[in-house]
Amino acid sequence: MKKIILTFSISLVGFITVQAQLLWKVTGNGLKHPSYIFGTQDLISIQFLDSVPGLFKAFNECDIVVGETVLNRIDETARIQQAAIMPSHINIKDLLSDEEYKIVDNELKSVLKFGLKEVSIMNPTLILSLYKTEIFKQKTGFKDGTQSDSYFQLVASEKDKKVVGLENVEQQIKSLYGFGTLERQADLLVEAIQDKDKVINEMIQLNKLYKAGKIDELIKHSTAMTQEEYAKVIDNRNIDWLTKLPELLKKSSCFVCVGAIHLGGDIGIIKQLEKKGYKVKAVE
């Protein structure tokens, strides 16, 4: 019996440590109050948040919620939606060969119940996002429509906590739809549809890595972008955010909620804060 209890205890400690890699405590460098950083991931159930040790305690301790951008402003949401529409002189037909158009159109009708004609003016990246989300839901039964970063901002508003964005809506639009040419984005759409099973398996694997708190592995498996595209979408934004975070951390206790992919790596937020003299420790 003692052996069984000991084995269980060791396993539980390991589980907690791994999960805690999603939540980090920031102290030192003259800070009067600790702040916290939490890494998020798309297509993760809100119920999963209950399994991250200390998460809601950390959220409640903080006065300010800091996100990539402020998500719940109607005017900014409208501007992002407008940016998803391509220039008036470009149609999705201009970006695909006849054969590619037929392949993508048939698959969208099968999965989304509408074809390219209905989304002909939409940015290929948005079409791809809609497609990937739906095939993931169909494969896994996932139904939760609320993302964790949006969730924390909504709760912050209910609790009268201040919500701050690290970038404005123009910068967010650029990261969503400006990382490559429209032709490049159309190529990625075609590739995803032609290798549907691979895309589904990669999405499932990414969610497993995220839930295990394996941030560095998540980064290695999470993108089909080139180095240049990755630098534009991830690294350069991290560098920009690190010019703003220190002042926010200095003013008040912050709950920083950004995509987990931004936390790891040499140019990730964790190492960059450490280089600036902060103590950043996983919450266990």
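The numbers attached to residues start from 1 for each chain and follow its sequence in the written order. In keeping with the model being predicted, local features are shown solely for residues with a pLDDT of at least 70 and side-chain atom pairs are shown and tallied solely at 80 or more, while totals for entire chains, interfaces and linings include all residues. As a convention, hydrogens and water are excluded, and side-chain values are obtained from all of the structure's heavy atoms.

### Comments concerning the overall build of the protein
(1) Moving on: For the protein, the count of helices and strands is 13 helices and six strands.
(2) Moving on: Two residues qualify as a contact provided that any one of their heavy atoms is within 4.5 Å of a heavy atom in the partner residue. Relative to all contacts within the protein whose residues are 6 or more apart in sequence, the contacts with residues 24 or more apart total 79%.
(3) Moving on: Roughly 15,300 Å² of accessible area belongs to the protein as shown, and the carbon and sulfur atoms make up 53% of that amount. Counting from the N terminus, the helices are DSSP H or I runs at least four residues long and the strands are E runs at least two residues long. Accessible surface is estimated by sampling points in the Shrake-Rupley manner with a 1.4 Å probe; for residues, cover comes only from the protein chains shown.

### Focus on the packing of aromatic side chains
(1) Moving on: Whether two aromatic rings pair depends on their centres lying within 6.5 Å, for rings of Phe, Tyr and Trp, where Trp uses its six-membered ring; planes under 30 degrees apart make the pair stacked, over 60 edge-to-face, and the rest tilted. Evaluation of the coordinates by the stated rule reveals nine aromatic pairs.
(2) Moving on: Ring centres of phenylalanine 48 and tyrosine 210 lie 5.7 Å apart, and the angle between their planes is 50°; this geometry places the pair in the tilted category. With a gap of 162 residues between them, phenylalanine 48 in the loop between β2 (35-40) and α2 (55-61) and tyrosine 210 in helix α9 (residues 196-211) connect regions that are remote in the sequence. The residues phenylalanine 48 and tyrosine 210 share a single accessibility class, namely buried. Here's how the labels work: a residue is buried when its accessible area is under 20% of the maximum for its type, exposed when over 50%, partly exposed in between, all with a 1.4 Å probe on protein chains only.

### Observations concerning helix α4 (residues 98-111)
(1) Moving on: Any helix carries an expected span of 1.5 Å times its number of residues minus one. Compared with an ideal rise of 1.5 Å per residue, which puts 14 residues at 20 Å, α4 spans 20 Å between its outermost C-alpha atoms and is within 8% of the ideal.
(2) Moving on: All buried positions along α4 are accounted for by Tyr101, Val104, Asp105, Glu107, Leu108 and Val111.
(3) Moving on: Against α5 (124-140), α8 (182-194) and α9 lie the buried residues of α4.
(4) Moving on: Of the residues trailing α4, lysine 113 is marked for its positive phi of about 70°.

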